[in-house]
Amino acid sequence: MITAIMICMFAAITLSMVGLCGFVYSGRDKFHEGMILGIHIPEDQKDHSDVLILTGKYRRTLRRFQWINLAVGMIISFLPIFTMGISTLLWVLWALEYCCIFSLIRILAQRKMYALKVRHQWFMPQTHATIAIDTRVSAMSAHFPISWKWHLIPFAVGLLFWCIPAARRSFLSVSGAWSFPAIAVFIPLFFLVLHQCLTSRKNTVYSKDSQVNEKINRLEKRTWSIVIIAADYASFSASLYISLRFFAARSLHLWDYIIYAAVDFLGAAAIIAGVLIIVQQRRIFLDADQAPLISDDDEYWKNGWYSNPDDRHLWVQDRLCSTNYTLNMAHPGAKWFLSITGIFVVAAVAVCVGVAGILHQLDTASVSMAIDQDTVTISYAFYDCSFGAEDILGLRQLDALPDDDFRRTNGGDTDRLLVGFFRNGQDEDVMMFMYKKESPVIEIDLTDQTVFLNSDVEGQTQSWYHQLSQLAQ
Amino acid sequence: MLITLDTKSVIPIYAQLRNQIVAGIGRGELKAGEHLPTVRQLAADAGVNTMTVNKAYQLLKTEGFIEIDRRKGATVCPVGCGNSDYREKLEKELELLSAEACLKGVGCEEFLQLCKNIFGQMHPTCIEEG
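Residues numbered from 1 in each chain as written. Chains lettered and ligands numbered in written order. Predicted model: local features only at pLDDT ≥ 70, side-chain atom pairs only at ≥ 80, totals over all residues. Heavy atoms only, no water.

1. Some thoughts on the overall build of chain B
- Along the backbone of chain B there are five helices and three strands.
- In sequence order, chain B lays out its α and β elements as β-α-α-α-β-β-α-α.
- A burial count over chain B gives 30% of its 130 residues as buried.
- Relative to all contacts within chain B whose residues are 6 or more apart in sequence, the contacts with residues 24 or more apart total 54%.
- Accessible area for chain B stands at about 8,600 Å²; split by element, carbon and sulfur atoms hold 57% of it. (Helix = DSSP H or I, 4+ residues; strand = E, 2+ residues; numbered from the N terminus. Buried < 20%, exposed > 50% of the residue type's maximum accessible area, 1.4 Å probe, protein only. Contact = heavy atoms within 4.5 Å. Areas by Shrake-Rupley, 256 points an atom, 1.4 Å probe, with all protein chains shown as cover.)

In structure tokens:
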């Protein structure tokens, strides 16, 4: 089951990442909004031989890169069938490589296009860099988005879990269960902040025609506000469902998690649909515009990223993807943001490498038992358990693991094995060194805990049981 | 109305804002009674400090081009009659412009024609008329 979940998760993220990047950044090699590859050039130069060579090369490179990465990403997504640890590490490294090289291809193409513009002096004096403001649109823009107050309803309902003493006690009484109502409060807060960030972005002037500016800015802000509210309500409904299920039944089943994921996915689908609507409608409005306003601020984008010391915005609309934001590198905050993000990325990769190492050890190790004089040591990878003969209170050979509610506290629970520290239904400590599909199972009652173990080698479990029986006598 | 600000110009941003709003009112692109963006919104859209926009708005208010209401925000004022202070200011600015034109070889007729053409573009209107 875990392997199947990992495969589905890796494959879904791979497909959506490569697909969305391909969708959003495709077509930038064609003349659109006065630009090719994010650089303004006169329209009569769009078929210049140098431009055609550069855009052709960019298109081929991007297409090849996309297909190769889609293939590699999908192959790695299915590797958990063989090894969980290595495949996790490989997938993280692949995702990192994809993001870095994709950005590099885009940045290099933009730099080359700007160099081409400088070489041919394709500067248009009437379009020099200026800041444009449409006063009519700015004055009415507060009415474009749906109000952020809609997020207060799920936030208030989420708070109710904490305000009702019975509910609060119920969630706090079980280890980790507090996270369900905590998520129900955190999600509306997160979406409220996101709502404000996306709807208070500056109004952009696209045209000398104020109606066009109004249409596009209204489209962007209204659509963003609607999809963020939809995503908030979907995520909140999912967390409300799982909180209520836990409150009523005191435990959760696989179907609960599937329903949670499905309802949560509706929110993600709403956001993706919103992005597609914005991109499509914006293109329609701009193509129909008879008086486009072209402001040539390419000198701020010549490096492939935005760097304008006169702009006090830290985040600005991305030139190649209007629904995306990019940093203003000339802003002092950008260096802080990049440094902190860099630290987080390095830390995340380090954690992934660590997790991959742990999973690899869990994949490749085997249960072993050693008896030294009257001390027994059972080990699997980095989990071990030692006890003396006098600590053994009871010893049994079972056909299978007893039907109990075992909860993992610090250990591994894969398709193949159960290993590490657990608690049973009576909240007693249990250690497992168990292959799930192997039988029989040895149960050792100790003074402070119960140990279950078996082996995947034919006859080994019986041999261990015999040795332990002799020791216990 | 479109306002364009040049960050590399020697003219301060607040003065560019003030001048373009006055020109916009004069040309009828901003009608009397029309709402202007709030200080915060205009500053956000222009990517400048709110103090810069506030300075321009205060200047426009002092000169009688706009009025600022706590509740409604900034609105364009109806066309009024120039007082003696304004005529004095106009004379001084015309004197400077005339001197520059004269020194650059622009003749009186040409200068007056230019003034007439530009003045002819001014059609201040009320929002009800638009």
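Having seen it, we continue.
2. Observations regarding the pattern of salt bridges
- With the rule as written, the count across this model stands at 21 salt bridges over all chains.
- Between A:Asp298 and A:Lys117 there is a salt bridge; the shortest N-O distance is 2.5 Å. Highlighted residues: A:Asp298 in the loop between helix H9 (254-288) and strand E4 (315-317) and A:Lys117 in helix H3 (residues 84-120), separated in sequence by 181 residues. In terms of burial, A:Asp298 and A:Lys117 fall into one category: buried.
- Among the salt bridges present, the one from B:Arg27 reaches B:Glu29, with a minimum N-O distance of 3.1 Å.
- Overlapping salt bridges, with partners in common, bring together A:Lys117, A:Asp297, A:Asp298 and A:Arg319 in one network. (Salt bridge = Lys/Arg side-chain N within 4 Å of Asp/Glu carboxyl O.)

3. Regarding the pairing of strand E11 (residues 417-423) of chain A
Residues and elements named next belong to chain A.
- Burial runs high along E11: five of the seven residues are buried.
- From the end of strand E10 (residues 407-413) to the start of E11, which pair antiparallel, there are three residues.
- Two elements, E11 and strand E12 (residues 429-435), share seven bridges in a ladder whose sense is antiparallel. Looking across to E12, one finds that Gly420 is bridged to Met432.
- As consecutive antiparallel partners, E11 and E12 are separated by five residues, and within that stretch Asp427 has a phi angle of approximately 65°, a positive value. (Pairing = 2+ DSSP bridges.)

4. So, the UniProt feature "transmembrane region" (unreviewed entry) in chain A
Residue and element names in this part refer to chain A.
- Taking the UniProt record as the reference, the feature "transmembrane region" (unreviewed entry) is found at residues 6-25, 67-85, 91-109, 150-167, 179-198, 223-242, 257-279 and 336-359.
- The annotated region residues 6-25 carries 100% helix and 0% strand content, and the separation between its end C-alpha atoms amounts to 28 Å.
- Within the segment residues 67-85, helix and strand shares are 68% and 0% respectively, and the terminal C-alpha atoms sit 25 Å apart. (UniProt positions renumbered as here; feature names shortened; annotations may be inferred.)

5. Brief notes about the sheet that holds E11(A)
All names here are of chain A.
- Taking strand neighbours across the sheet as the criterion, the six strands line up as E9-E13-E14-E12-E11-E10 in an open arrangement whose pairing is mixed. The open sheet has two edge strands, strand E9 (394-398) and E10, and neither has a second partner. Within this sheet the neighbouring strands show an average axis-to-axis angle of 10°, counted without direction. (Axes fitted to C-alpha atoms, helices over the stretch in contact; angles between N-to-C directions.)

6. Considering the environment of A:Ala350
All names here are of chain A.
- By the element assignment, Ala350 lies in helix H10 (residues 332-364).
- We classify Ala350 as partly exposed; its relative accessible area is 48%.
- With 261 residues separating them in the primary sequence, Ala350 and Leu89 have C-alpha atoms 10.0 Å apart.

7. Quick look at the packing of helix H8 (residues 210-249) of chain A against H9(A)
Residues and elements named next belong to chain A.
- At a minimum axis separation of 8 Å, H8 and H9 run at an interaxial angle of 175°. Judged by the inter-axis angle, H8 sits roughly antiparallel to H9.
- When its residues are assigned to classes, the contact of H8 with H9 shows 24 nonpolar, seven polar and six charged. (Parallel < 35°, antiparallel > 145°, perpendicular 65-115°, else oblique. Nonpolar A, V, L, I, M, F, W, Y, C, P; charged D, E, K, R; others polar.)

8. Focus: the interface of chain A and chain B
- Residue-level contacts link 25 residues of chain A with 21 residues of chain B.
- Of the roughly 1,900 Å² buried where chain A meets chain B, counting both sides, 54% is carbon and sulfur surface.
- Of all residues in chain A, the largest losses of buried area upon contact with chain B belong to A:Ile131, A:Ile133 and A:Thr135, amounting jointly to 37% of the total for that side.
- For the pair chain A and chain B, the number of links is one salt bridge.
- Residues B:Lys8 and A:Glu299 are paired through a salt bridge, measuring 3.1 Å at the closest nitrogen-oxygen approach.
- Mapped by element, the contributors of at least two residues to the side of chain A that touches chain B are strand E3 (131-134) and helix H4 (135-140) of chain A.
- When E3(A) meets strand E1 (residues 2-5) of chain B, the two strands line up antiparallel, connected through four bridges. Paired with A:Asp134 across the strands is B:Leu2, a residue of E1(B). (Buried area = accessible area lost by both parts, 1.4 Å probe.)

9. Examining the packing of aromatic side chains
- Under the defined criterion, the tally for this structure stands at 17 aromatic pairs over all chains.
- A centroid spacing of 5.4 Å and a plane angle of 65° characterise the contact between A:Tyr25 and A:Phe102, whose relative ring orientation is edge-to-face. One end of the pair, A:Tyr25, is in helix H1 (residues 2-25); the other, A:Phe102, is in helix H3, and 77 residues separate them in sequence. Summarising the burial analysis for this pair, A:Tyr25 and A:Phe102 share the class buried.
- On the basis of an interplanar angle of 70° and a centroid distance of 6.3 Å, the ring pair of A:Tyr383 and A:Phe421 is categorised as edge-to-face. You can see A:Tyr383 sitting in strand E8 (residues 383-388) and its partner A:Phe421 sitting in strand E11, a full 38 residues away along the chain.
- A relative accessible area of 33% places A:Phe421 in the partly exposed class.
- Connected via pairs of aromatic rings, a cluster forms that spans A:Phe10, A:Tyr25, A:Phe65, A:Trp91, A:Trp94, A:Tyr98 and A:Phe102.
- Against the face of B:Tyr14 rests B:Lys55, its NZ or CZ located 4.2 Å from the ring centre. (Phe/Tyr/Trp six-rings, centres within 6.5 Å; stacked < 30°, edge-to-face > 60°. Lys NZ or Arg CZ within 6 Å of the ring centre and 35° of its normal.)

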